[in-house]
Amino acid sequence: MYLPRQLISHLYLQLLRSHHPLSPPVLILVALEPDALCACRIFTALLKRDYIPHKIQPVAGYGDLARAGEELVKPMQTKNGGAGGVVVCLGVGGLVDLTEILALSDPEDEVEDLGEVEVWVFDARRPWNLSNVFGGQPVVGQEVDVRARMNTRGVDKGCITPSYASGNGGIVVYDDGDIEEELGKEREAYSALLDMPEVDDDEEGDLGSDSEDNDQPRPGKKRKSWSGREDEDESDEDDGPPRQRRRSNSGSSFLISSPSRPRQRPHDSSNSSRSVTPTSDSPSPAEPKQSSARSLKRRLIRMKRKHESILHTYYSAGTSYSEPISSLVYSLASELGREDNDLLWLAIVGVSSLELSGRTMSGVGISNSSESGGLAGWGGERGEHIRQILRDEVHRLNPPDPYERDRDLRGEINGVIPTTARSPTDKSIRLSPEPRFILVRHWSLYESMLHSPYLSSRLHVWTETGKKRLHKLLAKMGISLSQCHQNYTHMDMELKRVLRQRLLKYAPMYGLDGLVPQEAPGHATSREGWGFVRCWGWKACLSATDVGVIVGAILEVGPEELAAGWDTRRLPRPRKFNDDANVDGSTESDLSSLLPRFWSAYDALSLTSESPTLLLEALPLAQHLHRAILQTGTSLLSKHQIRHLRAFRIAVVKDGPDAKLFTNPGALTKLALWIAEAIRVQERERSDTVKVGKKRAAGTPLVIAGLDEDRDLYVIVGTGGGGGVVDFSAMHKRQEERRKKKEAKDKKQRERSERRAKRATERLERSETGEEDEEESEEESSSESESESEDEQDPRADRHLLRNRFGIAFQEVVQETNARVRIDSFEHCVVEVQKEDLGGFLEALSFRSVVG
C-alpha cells in the first residue's frame, strides 16, 4: 500500500491515539547514510515528544535486514506470540519485497497473515518494489482474494484513503508524490494482472508463437529473495562453491526480478469469466465455441504480456533517487505542527548530503553542474524547489532581529560568508552564498579550493599546469599565497568581504562560471543557489555541506581513525569468502564493525549543545578523506591508469598509502565521482575542438575497484556518466516529436479500424464453415501488438537522464558467469568480487548496457 503525500500524518496520528504504556516499542531500521541518519533524528524527536518508546537498529545491507527480520520483526507477530507493532524503515528496503525479506509471511501459506505488524517505508531509491506499493495489505479473518483486499478497508488499488484504520498490519510506502503522478500505468497494470486468471505456460506456448524466452525473468512470476532457497538445483551445478553461488543468485533478484504478482490467489472460474470482455469485433455467437474460447484466450495472453511489459520496463529502467527522506520526514513533522529550528537543520543537512555522495535523479553518478552557481542540483527543477521551500522555512523560523536587520542585509548583499555567530546565544540558521569549496571555514582558502571537485576538475590540478592556473587565479584576485595558506577565519577581513565579487569577476576566465551563486536581485527572499549555515554561539559555525561532509567521513573512514582511537576490539575483523561460520553467505562482522561509526555519526547529529563539539572533533577525518581522494585520483590520472573498455572506463586502486581507505563503498564512490568529473570535463573540452558522440560528451560511465587485501576481494562501484538535471530544451524538442508521432499513430489507427471492420464482415460471411482464418487472426494480433508498443511514452522519459543501470548489469553478469560475487549493499551499483574473478567479471560486464 502507499500513503499519499496529503495524508502523510494519517498513520502517525493513529499510532498516537492507539499508543498505551503496554504497547510494544516502535522498531526503527536505519541505513548507514547521512540522509537516513537525519531522518532518524527527526523521527525519534517526534516519538520522544509523544512519549512513544522506540528502538533503533542500524542495518548495513540486505544480510543485516534479513537478520533483523528473523530476530526482531518476526517475534513481534501475533502468530509468533508477539503483540504486533510498527516497524519504520528509513532508507531501507524500498527495492525488495519486504514481506519476504523481513520474514513476515510464509511462502507456503495461502493466506498472508502479517501478524499485525505494520511496516512504514521511507526510501528515496527508485524503482519501488511494486509488491510493497500496490500490495502488502493486511488479512482480516480468512480472506484470500487479493483483488478484493485491494479495494476494501480504506484501500483503493493500493492507495490508502482517509477511512483506512491501522492495526491489522501491512506494508505502507510513504509517497513523496511520484507514485500518484508517475505510476498510473504501473498501478493499472499491477491491478489488471491480479484480476486475471492464471494461464499455463503450455497453453501460452500453443496459442502464441512469440512467447518470451523462459530464461528471462517473468514479471508475473513469484520470486524469493535473499533466503538462498531458490535456484538451489542450478546453484549445485555451477563450478563455484554452493553457498557462494546461492548468495549470488539471491542477490541478483533484487531489481529486475521484482515481482509484479507476488501473491497468486487460487484460480476462480467466476472471476476468470468476468476478467475479459469481448470487443466489438469478437466472433459472432454463431461461431463455434471452441474458436471463440481460443480467440478469447489469445486476447487474454496479449493483455497479460502487455501489462507484464509495462512492469518490466519500469524495473529495467535503472536506478534513480527521488526526494530525500529527511525532507519527507520533516514534512511529517510540519504536518503535525512540530517543526522547529533543530528539525529544520536536520532536514537541510540530509538534503545537502545527497549530492556529496552522487545521488542524483539518474542514480549514483555525477550531476550536471548548475551554471547559476551554488550547489549543483541533484534533482533539477524539483531539487531546487525543495531547497527553496527550505529557504522559506529558514526565513519563517529565523526572523531577523530588527536592531540588526540592516547589518544582516548588507552582509547578504555583499555576499560575505558568515563565520561567526551574532551573539553567544545565537543558534539561528542563515542563508549564505556558499562557494563550491570543501570545508572553507575549517581549512585554508588554498586547501579548500585545491580539494574542491568542481574547481580541481576544471583547472586540472592533478598536473603542474593546473596548479599554476590555480595560483594565477589567486593572483588575479589579489590574494597572496601567504594569505590563502592561512586558516580562512584568520584571513584579512577586507579580502573576505571582496572574495565573492572577485570570484564572480575572474572565475569565468577559467571556466568556473558556477563557482559561487550569482548576484541576488534586490532584497528578494529567494536566494537561488545559496546554502545554509548554522551557528552554536561562539562554539562553532558550520554550513550544511560541512556537516554532510563530516558525517559522511565518520561513516566511511570511521572513528577508529581519530587520534584518540577506539578500542581495537571494535575494529573490523578480516573477512573471507570461505568463512564457514556464515553459511548464508553474509558476514556477521559487517554490522558489528560499522556500529561504532553509526553511533558516532548519530551522536554528532545530536540536537544538544554537544553536537558542534563532536563534529569539530571529527573534522580531521573529513580532511584526511579528501586529501586521500585528491592524492589517489591524481595518481590514477597522471599515470594514465584509467582504461577505456567497450561500455565504460575502469580504474583499479590496489596500492598506495590510502588504498585500504577505499575498501569502503562510500569513500570509493566519492573517489569515483572525483575522477568521473575530471574525465567529463576533459571530454567536454575535447568536444569543443573535435566532434564526438553525444554520449561521450555527456560523460562516460566509470567503474572503479578497490582491493581489500584482508578479505582477498575487490569492492566495485559503478557510476553513471551524467544527468541529474533536466534538459528542458531537449525535453520540449522531444515533446514536439512525440506530438508528430501521435498524429501519425492516430492516422494508422483509423486505417487499422477500417481494416478490422472489413475483416469482421468477411469473418461473418465465413462463419458457416466453422473455421477462423488463422492468417488474418495472426495479422490482427501483430497489429494490436504494434499498437500497444506505440503507446505514449512514459512521462519519466521526459527527463532525458542516463540512469545508472550497473545494478541490473551486475546481476546479468552473475547469472551468466561463475564469478563469485556478493551483492549485499542497498546501493545496487556496489558489489564485491573475489580477487581471482575480477578479470572475467569485467570482461562480461563490458558487453552490458550500464546506463539507459
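In case you missed it, the structure is sitting above this.
The sections below set out a description of the structure shown in this document. (Residues numbered from 1 in each chain as written. Predicted model: local features only at pLDDT ≥ 70, side-chain atom pairs only at ≥ 80, totals over all residues. Heavy atoms only, no water.)

What follows is about the nonpolar core. Formed by 212 residues in total, the largest nonpolar core has its most connected members in Val119, Trp120, Leu445, Ile716, Phe841 and Leu845. Excluding residues within four positions of it along the chain, Phe841 makes contact with Ile716, Phe810, Val813, Ala819, Val821, Val831 and Val833. (Core = buried A, V, L, I, M, F, W, Y, C linked by side-chain atoms within 4.5 Å. Buried < 20%, exposed > 50% of the residue type's maximum accessible area, 1.4 Å probe, protein only. Contact = heavy atoms within 4.5 Å.)

What follows covers the sheet that holds strand β13 (residues 429-432). One open sheet holds the three strands; their spatial order is β13-β14-β15, and the pairing between them is antiparallel. Two strands in the sheet have a free side with no partner beyond their single neighbour: β13 and β15 (541-543). In this sheet, adjacent strand axes meet at a mean angle of 30° when their direction is disregarded. Relative to β15, strand β14 (residues 531-535) runs antiparallel, the two sharing three bridges. Looking at β15, one finds that Cys535 is bridged to Cys541. Of the strands in this sheet, β13, β14 and β15 touch helix α15 (residues 341-356), which is tilted by about 135° from β14. Packed on one face of the sheet, helix α23 (residues 544-556) meets β14 and β15 and runs near 85° to β15. (Pairing = 2+ DSSP bridges. Helix = DSSP H or I, 4+ residues; strand = E, 2+ residues; numbered from the N terminus. Axes fitted to C-alpha atoms, helices over the stretch in contact; angles between N-to-C directions.)

All right, on to the environment of Asn168 then. Positionally, Asn168 belongs in the loop between β8 (159-160) and β9 (170-174). Look at Asn168 and you get partly exposed, because its relative accessible area is 34%. Between the C-alpha atom of Asn168 and that of Gly115, which follows or precedes it by 53 residues, the distance is 7.6 Å.

What follows concerns helix α20 (residues 464-476). The terminal C-alpha atoms of α20, which comprises 13 residues, lie 18 Å apart, in line with the 18 Å expected from a rise of 1.5 Å per residue. Within the sequence span of α20, burial applies to Gly466, Leu470, Leu473 and Leu474. Across the axial projection of α20, the buried residues extend over an arc of 95°, all falling on one side. Projecting away from the buried face of α20 at angles above 90 degrees are the exposed residues Glu464, Thr465, Lys468, Lys472 and Ala475. Looking at the buried positions of α20, the neighbouring elements they touch are α18 (445-450), α19 (453-459), α21 (481-484) and α22 (493-506). Immediately beyond the C-terminal end of α20, within one or two residues, lies Gly478, with a positive phi of roughly 80°. (Expected span 1.5 Å × (residues − 1). Arc of directions from axis to C-beta.)

With that settled, the discussion passes to the sheet that holds strand β19 (residues 713-719). Taken together, six strands build an open sheet; the order of strands is β16-β17-β18-β19-β21-β20 and the sheet is mixed. A strand with exactly one partner marks an edge of an open sheet, and here the two such strands are β16 (643-644) and β20 (821-822). With respect to the sheet, helix α31 (residues 806-816) is in contact with β18 (702-708), β19, β20 and β21 (830-834), its orientation differing from that of β19 by roughly 135°. The strands touched by helix α32 (residues 838-845) within the sheet are β17 (649-653), β18, β19, β20 and β21, with β21 carrying the most contacts at an inclination of about 135°.

In this section: the pairing of β14. By the criterion of burial, β14 is predominantly enclosed, with five of the five residues buried. Taking every second residue as pointing to the same face, both faces of β14 are buried, with Gly531, Val533 and Cys535 on one and Phe532 and Arg534 on the other. In terms of strand pairing, β13 meets β14 through four bridges, oriented antiparallel. Bridge pairing in β14 links Ser432 to Gly531.

Okay, the packing of aromatic side chains next. All chains considered together, the criterion is met by 17 aromatic pairs. Aromatic pair Tyr2 and Phe134: ring centres 6.0 Å apart, planes at 85°, arrangement edge-to-face. Within this pair, whereas Tyr2 is found in strand β1 (residues 2-3), its partner Phe134 is found in helix α5 (residues 130-134), the two being separated by 132 residues in sequence. Take Phe134: its relative accessible area is 0%, and that puts it in the buried class. Site record: aromatic cluster; members linked through ring pairs are Tyr12, Phe43, Trp120, Phe122 and Tyr174. Over the face of the ring belonging to Tyr602 we find Arg41, whose NZ or CZ atom lies 3.8 Å from the ring centre. Above the plane of the ring of Tyr454 lies Arg436, whose end atom (NZ or CZ) is 4.3 Å from the centre. (Phe/Tyr/Trp six-rings, centres within 6.5 Å; stacked < 30°, edge-to-face > 60°. Lys NZ or Arg CZ within 6 Å of the ring centre and 35° of its normal.)

All right, on to helix α14 (residues 325-335) then. Think of an α-helix as 3.6 residues a turn; residues three or four steps apart then line up on the same face. A large share of α14 lies buried, amounting to nine of its 11 residues. Among all positions in α14, only Ile325, Ser326, Ser327, Leu328, Val329, Tyr330, Ser331, Leu332 and Ala333 are buried. Positioned one or two residues after α14, Gly337 has a phi angle of 75°, which is positive.

Our focus in this paragraph is the side chain of Arg436. Following the sequence through the fold, Arg436 ends up in the loop between β13 and α18. Comment: no salt bridge for buried Arg436; closest opposite-charge side chain is Glu355, at 6.1 Å. (Lys, Arg positive; Asp, Glu negative; His and termini not counted. Salt bridge = Lys/Arg side-chain N within 4 Å of Asp/Glu carboxyl O.)

This part takes up the pattern of salt bridges. On inspection of all chains with the given rule, the structure shows 34 salt bridges. Note that Arg396 and Glu339 form a salt bridge whose closest N and O atoms lie 3.0 Å from each other. Taken as a pair, Arg396 in helix α16 (residues 380-397) and Glu339 in the loop between α14 and α15 lie far apart in primary sequence, 57 residues in all. Overall, the relative accessible area of 44% leaves Arg396 in the partly exposed class. A salt bridge links Arg820 to Glu836; the shortest N-O distance between them is 3.9 Å. Taken together, the residues span a long stretch of sequence, with Arg820 in the loop between α31 and β20 and Glu836 in the loop between β21 and α32 at a distance of 16 residues. Residue Arg820 is classed as partly exposed on the basis of its relative accessible area of 22%. Salt bridges sharing common partners tie together Glu33, Asp123, Arg125, Arg359 and Glu827.

Cis rather than trans, the peptide bond between Arg126 and Pro127 has omega equal to 15°. Among the secondary structure elements, Pro127 is positioned in the loop between β6 (125-126) and α5. Located in the positive-phi region is Glu116, a residue other than glycine, with phi close to 60°. Structurally, Glu116 can be placed in the loop between α4 (98-101) and β5 (117-122). We classify Glu116 as partly exposed; its relative accessible area is 38%. Its identity as a non-glycine residue notwithstanding, Leu439 has a phi of 50°, on the positive side. Structurally, the position occupied by Leu439 is in the loop between β13 and α18.

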